Amino acid sequence: MEFQQLAGFAAVSVTLAMTPGADWAYCISSGLRARRVAPAVAGLCAGYLFHTALIVAGLAAVIAATPQLLTGLTLLGAAYLLWLGVTTIRTWRTAGFTADTTTASAEGGAAAAPVRAGGSVALLTRPAPPRSDTRRDFLKGMGTSGTNPKALLLYLALIPQFVDPGAALAVPLQTLVLGLSHFAVSIVVYTCVSLAARRLLRSRPAGARAVTLGSGVIMVCVSLVLLTEQAASLLA
C-alpha cells in the first residue's frame, strides 16, 4: 500500500472520528460517570473491530444486500441506543466529579489519602471499581458501535475506495490494515474526548449534569431518526 493511500484514508478516518454523534455522547457520559474511561473506549473500538472482521470475511456485503437482515440490525441498534439514551437521561442529576474523585480515577481507580489517627498518619486506599462496572461499560460501548448499521454501511462505502486490487498486498489484508487504522484513530480520539469531558467538568457539577443530559438526548434523537427511517421504508 502506498503512503498517499494510507494518508488519504487517515485524513478521512480522523474527520469521521472527530464528528460528534452517538459515540461521542457515550464517551462524554462515561467520562463523567465512570472512574475509568478505558473500558468504555475499548468497548466502542471493539465494535469497529467487529465491523472490520465482517468486511474482511465478506459478510458485510451480504448483510447490506439483504434488506430484511439490514432492517433487523437497524431496529436492534436503534432500540439499544434508545435504551442507552434513556438510561443516561435518568442519571443526569448525579453527574459530576470532584477533584478527589478525578485523582482516584487517574491513578487507576485506587488512590491513597492521608488520614490522621491518634497523632499518626494512616493511609486509606480507595477501592478500585468493581469488575461488573468495567464489564458493563465495555459491553455498552461495544453495543453502541457494534449494533450501529450506519457504521457498517460507512465501512462498506469508505474502505473499498482506498483498496487497490492491483497492489501486491491482498485485498483482504488491505481491508484489515485500513480497518485497524480507523480502530487506532478511534482509540486516540475517544480517549481524548472522555478525558477532556472529565477534566473540564470535574469541578462544574452543573455543567456536568447539563452535558450528561445532552448526551442522553443525542442518543435518543439518533435512535428515533433510525426508527423513523425504518418505519418510512416499511410503510412505503
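Presented here is a report on the structure given in the accompanying data block. (Residues numbered from 1 in each chain as written. Predicted model: local features only at pLDDT ≥ 70, side-chain atom pairs only at ≥ 80, totals over all residues. Heavy atoms only, no water.)

**Comments concerning the packing of aromatic side chains**
We count it as follows: To pair, rings of Phe, Tyr and Trp, with the six-membered ring standing in for Trp, must have centres within 6.5 Å; the planes then decide the type, stacked if under 30 degrees apart, edge-to-face if over 60, and tilted in the middle. Runs of E in the DSSP output that reach at least two residues are strands. Runs of H or I that reach at least four are helices, and both are numbered from the N terminus. Three labels apply to residues, based on accessible area from a 1.4 Å probe with only protein chains included: buried if under 20% of the type maximum, exposed if over 50%, partly exposed otherwise in between.
Under the definition given, this model contains one aromatic pair. With centroids separated by 5.4 Å and ring planes inclined at 75°, the aromatic side chains of Phe-9 and Phe-162 adopt a geometry described as edge-to-face. Of this pair, Phe-9 sits in helix α1 (residues 3-17) while Phe-162 sits in the loop between α8 (149-158) and α9 (171-201), and the two are 153 residues apart along the sequence. For the pair formed by Phe-9 and Phe-162, the shared burial category is buried.

**Observations concerning the layout of surface pockets**
Put simply, the rule is: Throughout, the protein atoms alone are placed on a 1 Å grid, and a set of points is a cavity if a 1.4 Å probe fits but cannot get out or a pocket if it is open with protein on both sides within 12 Å along at least five of seven lines; lining residues have an atom within 4 Å of a point. Grid points are joined across faces, edges and corners, and a volume is the space filled by probe spheres set on the points. Residue polarity follows a fixed list, in which Ala, Val, Leu, Ile, Met, Phe, Trp, Tyr, Cys and Pro are nonpolar, Asp, Glu, Lys and Arg are charged, and the others, Gly among them, are polar.
In this structure, the largest pocket encloses a volume near 330 Å³. Together, 16 residues line the largest pocket, and Leu-16, Thr-19, Asp-23, Tyr-48 and Asn-148 are the ones closest to its centre. Counting residues per element, the ones that place at least two in the lining of the largest pocket are α1, α2 (22-33), α8 and α9. Ranked by the residues each element gives to the lining of the largest pocket, the list is headed by α8, at four residues. Class assignment for the residues of the lining of the largest pocket results in ten nonpolar, four polar and two charged.

**Thoughts on α2**
Think of an α-helix as 3.6 residues a turn; residues three or four steps apart then line up on the same face. Applied cut-off: Take the residue count of a helix, subtract one, and multiply by 1.5 Å to get its expected span.
Helix length check: α2 (twelve residues) gives 16 Å between terminal C-alpha atoms against 16 Å at 1.5 Å per residue, within 8%. A large share of α2 lies buried, amounting to eleven of its twelve residues.

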